[in-house]
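# Structure at a glance
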Amino acid sequence: MARNTLEFSGEVYYRYMNNLLDYRSGADLILNENIEQDVLNSIRKAYGVELLMKKTSGLLTGSLAYTYSRSLLRTSDEPSIEKINNGEFYSSNFDQPHHVVLVTNYELSKRINVSLNGNYSTGRPVTLPIAKFEYAGSERVYFSERNAYRIPDYFRLDASVNLEGNHKVKKLAHSSWSLGVYNLLGRSNPYSVYYTAVEGQLQGYQLSIFARPIPFITYNFKF
């Protein structure tokens, strides 16, 4: 293969699904003996395009992948006690339209190479409280339509240096070391947002994973 060759590929997909279940707004799912009363029959459509560019030769190798995808739900037209978002399509919990993955590797020598990997995706959908009002002598909270908002976008950058042992063919085992850092920029990427009542007040919380740089060192060997 010629040096500095680029490979491109692309895929388009569409899928329609029915007889799916979603939950009523405010459904209590824990220890609910009548869970069937809190589920709604739904349909889903999912579609998108996937693009991939790869460089497999030369000192610098890697790939860049981009995906545009949608995953939408709608309460079915069958008789139902409730229509989510007035029966219109809304984002499912898996609806993240944009996703980019970058993988790069640069060969400093036959035994040393460095890697830099990036991952970006649109934030997951979330339903948020948008107003409060007084009713029957108590304060009530009014929520947005189902999954009308999104948590902040996800972005993570990882870096590593890989040190390989000598390449003697008759060695019993081939080994290598990897040293690097997960989440190099220390972004506090939110995984989910949730709300709970604390002393009569609704408090919001954010759950993050890898909220700071995490160094690592690994030793690998194969026979």
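This text goes with the structure placed above it.
What comes next is a walk through the structure. Keep in mind that this is a model prediction, so the values were computed, not measured.

### Regarding the overall build of the protein
Counting secondary structure elements, the protein contains zero helices and 15 strands. For 223 residues, the compact-globule estimate of 2.2 N^0.38 gives 17 Å, and the C-alpha radius of gyration of the protein, at 24 Å, exceeds that figure by more than 25%. In terms of its C-alpha atoms, the protein occupies a principal-axis envelope of roughly 80 × 45 × 30 Å. Put simply, the protein has 223 residues, and 24% of those count as buried. Side-chain charges of the protein comprise 24 positive and 21 negative groups, with the mean position of each set lying 15 Å from the other.

### A short note on the packing of aromatic side chains
Scanning all chains against the criterion turns up three aromatic pairs. Both rings, one in Trp177 and one in Tyr219, keep their centres 4.8 Å apart while their planes meet at 50°; by these two values the pair is tilted. One end of the pair, Trp177, is in strand β12 (residues 174-182); the other, Tyr219, is in strand β15 (residues 214-222), with 42 residues separating them in the sequence. For Trp177, a relative accessible area of 41% translates into the label partly exposed. Under the relative-accessibility criterion, Tyr219 is labelled partly exposed at 45%. Lying over the aromatic face of Phe89, Lys45 brings its terminal NZ or CZ to 4.3 Å of the ring centre.

### Things to note about the pattern of salt bridges
Here the structure, examined in full by the defined rule, presents five salt bridges. The residue Arg156 makes a salt bridge to Asp158 at a minimum N-O spacing of 2.7 Å. What you see here is one network of salt bridges that share partners, running through Arg70, Asp95 and Arg150.

Conventions adopted
Residues numbered from 1 in each chain as written. Predicted model: local features only at pLDDT ≥ 70, side-chain atom pairs only at ≥ 80, totals over all residues. Heavy atoms only, no water. Helix = DSSP H or I, 4+ residues; strand = E, 2+ residues; numbered from the N terminus. Rg over C-alpha atoms; globule rule 2.2 N^0.38 Å. Buried < 20%, exposed > 50% of the residue type's maximum accessible area, 1.4 Å probe, protein only. Lys, Arg positive; Asp, Glu negative; His and termini not counted. Charge placed at Lys NZ, Arg CZ, Asp CG, Glu CD. Phe/Tyr/Trp six-rings, centres within 6.5 Å; stacked < 30°, edge-to-face > 60°. Lys NZ or Arg CZ within 6 Å of the ring centre and 35° of its normal. Salt bridge = Lys/Arg side-chain N within 4 Å of Asp/Glu carboxyl O.

On their own, these measurements won't tell you what the molecule is for.
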